[in-house]
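# A structural walkthrough
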Amino acid sequence: PFPKSGHVLVLAAGAGREARALLHRGYRVAAAEPSERLYTALARLAAEEPRLTAYRLGYEDIVRAAAGEGPTPAVVGERFDAVLGLDFEPPADLG
């Protein structure tokens, strides 16, 4: 079951629709989005909401960091009560 409170990571967060819904319900949210355009909107929301942290990165950044093949994004060191993976299409080179 989804936790009733806590810290949630939203991957492929877009402009923040799901992040807003979670914030409205009292969660702390870390939201990751690789698209510069969408991340810009997400970052604006994060600037207004202290319980939201926005990251410009995608699934592949996290997978590569976990495999030791790239820099480790700050989000990798955080602990979460739940993770939402939205609209995921794995890159061809990740098999």
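Look up: the structure comes first, before these words.
Residues numbered from 1 in each chain as written. Predicted model: local features only at pLDDT ≥ 70, side-chain atom pairs only at ≥ 80, totals over all residues. Heavy atoms only, no water.

### What about the pattern of salt bridges?
Enumeration according to the criterion identifies 2 salt bridges in this entry. A salt bridge links Glu 18 to Arg 17; its shortest N-O distance comes to 2.8 Å. For Arg 17, a relative accessible area of 64% translates into the label exposed. Arg 51 is the partner of Glu 49 in a salt bridge, and the nearest nitrogen-oxygen pair spans 3.2 Å. (Salt bridge = Lys/Arg side-chain N within 4 Å of Asp/Glu carboxyl O. Buried < 20%, exposed > 50% of the residue type's maximum accessible area, 1.4 Å probe, protein only.)

### Digging into the packing of aromatic side chains
On inspection of all chains with the given rule, the structure shows 1 aromatic pair. Relative to Tyr 27, the ring of Phe 2 has its centre 5.7 Å away and its plane inclined at 70°; by these criteria the two rings are edge-to-face. Placement of the pair is Phe 2 in the segment before β1 (7-11) and Tyr 27 in the loop between α1 (17-24) and β2 (28-32), with a sequence separation of 25 residues. When its relative accessible area of 41% is taken as the criterion, Phe 2 is described as partly exposed. Here Tyr 27 falls in the buried class, since its relative accessible area comes to 7%. (Phe/Tyr/Trp six-rings, centres within 6.5 Å; stacked < 30°, edge-to-face > 60°. Helix = DSSP H or I, 4+ residues; strand = E, 2+ residues; numbered from the N terminus.)

### So, α1
For α1, every residue scored as buried is listed here: Ala 19, Leu 22 and Leu 23. Angularly, the buried residues of α1 cover 100° about the axis, an arc narrow enough to put them on a single face. Counted as exposed and oriented over 90 degrees from the buried face of α1: Arg 17 and His 24. Looking at the packing, one finds that the buried side of α1 touches β1, β2, β3 (52-55) and β4 (82-85). Phi for Gly 26, located one or two positions after α1, is positive at around 95°. (Arc of directions from axis to C-beta. Contact = heavy atoms within 4.5 Å.)

### Topic: the sheet that holds β1
The 4 strands are arranged β3-β2-β1-β4 in an open sheet whose pairing can be described as parallel. Each edge of the open sheet carries a strand with a single partner, namely β3 and β4. Neighbour to neighbour, the strand axes of the sheet diverge by 15° on average, direction disregarded. With 5 bridges connecting them, β1 and β2 associate as parallel partners. By the bridge assignment for β2, Val 10 is matched with Ala 31. Sheet contacts for helix α2 (residues 36-48): β2 and β3; angle to β3, the most-contacted strand, approximately 155°. (Pairing = 2+ DSSP bridges. Axes fitted to C-alpha atoms, helices over the stretch in contact; angles between N-to-C directions.)

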